[in-house]
Amino acid sequence: PYQGVLDPRTGIVKEVKMPPTRGGLPGTHTVMVDNKRGWAWYTQRWAGSYFVRLDIATGEFKEFDTIGGSNFQIAPDGSIWVRGRDKLDEQGKVIQGVYRIDPETAEITDVYPLKNPIPYQSAVSAAGRFWAGASPPSTGTNTAEMLDIRSGKMYEVNSGDRMHGGGRGGFEPNGKDA
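A short tour of the structure in this document, coming up. Small disclaimer: the values here were computed from a predicted structure and weren't measured.

Here we take up the overall build of the protein chain. The number of helices and strands found in the protein chain is zero helices and 14 strands. Listed N to C, the secondary structure of the protein chain is β-β-β-β-β-β-β-β-β-β-β-β-β-β in terms of helices and strands. When contacts within the protein chain are restricted to residue pairs at least 6 apart in sequence, long-range pairs at least 24 apart make up 36% of them. Total accessible area computed for the protein chain in this model is approximately 10000 Å², and 51% of it derives from carbon and sulfur atoms.

Next up, the structure:
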């Protein structure tokens, strides 16, 4: 139930005790650090997929219920991007898609519906213009998606019968995608 926080300047690792896991099995799935705010984000995948945020400076944790999904990315503006499945449209139908989440409140700010709503791995470009995700390697989920965040246009491709899986890829890190 501990997280290690490394201070890269000193090389000292500080252990911070996580809050008790509510329901299900303990264990994080994805961990990302928002260096601008000094926060580390975790998902508790096997305990109902909720977010835990650690303020690295104070050692304080805050928990947020999520909208599904355990893989997420942090964009350059600090927003969190996750595959979601709990938001409803005007007719009460579940919108499965990519959700932008406000890092302060963990509220959904934007929803981008997907035709094949199973991206397992995803990435946000260094300039924050694009989000991309790919399905896990299984039958019937041979898709990849890319969202132009500026225009809101979602591009989806299907590799046909060929099995593939998103493998923690990424964008060119130079930030020239704007």
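So, next bit.
Attention shifts here to the side chain of Asp34. Within the fold, Asp34 resides in strand S3 (residues 31-34). Residue class for Asp34 comes out buried when judged on its relative accessible area of 4%. One polar contact links the side chain of Asp34 to the main-chain amide nitrogen of Lys36, over a distance of 3.2 Å. At a separation of 3.1 Å, a polar atom in the side chain of Asp34 contacts the side chain of Arg37.

The biggest cluster of nonpolar side chains holds twelve residues, and these are Trp39, Trp41, Phe51, Phe64, Phe72, Ile74, Ile80, Val82, Ile95, Tyr99, Ile101 and Ala106. Mapped by element, the contributors of at least two residues to this core are strand S4 (39-44), strand S7 (72-74), strand S8 (80-88) and strand S9 (94-101). With residues up to four places along the chain from it excluded, the contact list for Ala106 reads Phe64 and Ile101. Of all hydrophobic cores here, the second largest spans ten residues; its members include Val98, Trp131, Leu147 and Ile149.

This paragraph deals with the layout of surface pockets. Size it by volume and the largest pocket reaches roughly 250 Å³. Contributing to the lining of the largest pocket are 14 residues, with Val5, Leu6, Asp7, Pro8 and Ile56 lying nearest its centre. Within the residue set of the lining of the largest pocket, elements represented by two or more residues are strand S1 (2-6), strand S2 (13-17) and S3. Here the lining of the largest pocket is composed, by residue class, of eight nonpolar, two polar and four charged.

The next thing to look at is the environment of Lys17. Along the polypeptide, Lys17 turns up in strand S2. Lys17 sits 43 residues away from Glu60 along the chain, and the two C-alpha atoms are 9.7 Å apart. Sequence-distant contacts of Lys17, that is, excluding residues within four places in its chain, are made with Pro1, Tyr2 and Phe61.

Next up on the list: the sheet that holds strand S11 (residues 121-124). Across the sheet, four strands lie side by side as S11-S12-S13-S14; this open sheet has antiparallel pairing. This sheet does not close on itself; its edge strands, each paired only once, are S11 and strand S14 (153-158). The sheet shows a mean angle of 10° between the axes of neighbouring strands, taken without regard to direction.

Tallied over the full model, the rule gives five aromatic pairs. For the pair Trp39 and Trp41, a centre-to-centre distance of 6.2 Å together with 80° between the ring planes defines the contact as edge-to-face. A ring pair is formed by Trp81 and Tyr112, whose centres lie 5.8 Å apart and whose planes are at 25°; its orientation type is stacked. In this pair, Trp81 is assigned in strand S8 and Tyr112 in strand S10 (residues 108-113), connecting sequence segments 31 residues apart. Grouped by ring-pair contacts, the aromatic residues Trp39, Trp41, Phe51, Phe64 and Phe72 constitute a single cluster. One Lys or Arg, Arg53, reaches over the ring of Trp39 and ends 3.8 Å from the middle of that ring.

Bridge analysis of strand S13 (residues 143-148) against S14 gives six bridges, and the strand direction is antiparallel. Bridge pairing in S14 links Thr143 to Asn158. Hairpin connection from S13 to S14: four residues lie between these consecutive antiparallel strands, with Gly152 at a positive phi of about 80°.

Criteria and thresholds
- Residues numbered from 1 in each chain as written.
- Predicted model: local features only at pLDDT ≥ 70, side-chain atom pairs only at ≥ 80, totals over all residues.
- Heavy atoms only, no water.
- Helix = DSSP H or I, 4+ residues; strand = E, 2+ residues; numbered from the N terminus.
- Contact = heavy atoms within 4.5 Å.
- Areas by Shrake-Rupley, 256 points an atom, 1.4 Å probe, with all protein chains shown as cover.
- Buried < 20%, exposed > 50% of the residue type's maximum accessible area, 1.4 Å probe, protein only.
- Polar contact = N/O pair within 3.5 Å; in protein donor to acceptor, adjacent residues only side chain to side chain.
- Core = buried A, V, L, I, M, F, W, Y, C linked by side-chain atoms within 4.5 Å.
- 1 Å grid on protein atoms, 1.4 Å probe; cavity = no way out; pocket = protein on both sides within 12 Å on 5 of 7 lines; lining within 4 Å.
- Points joined across faces, edges and corners; volume = space filled by probe spheres on them.
- Nonpolar A, V, L, I, M, F, W, Y, C, P; charged D, E, K, R; others polar.
- Pairing = 2+ DSSP bridges.
- Axes fitted to C-alpha atoms, helices over the stretch in contact; angles between N-to-C directions.
- Phe/Tyr/Trp six-rings, centres within 6.5 Å; stacked < 30°, edge-to-face > 60°.
- Lys NZ or Arg CZ within 6 Å of the ring centre and 35° of its normal.

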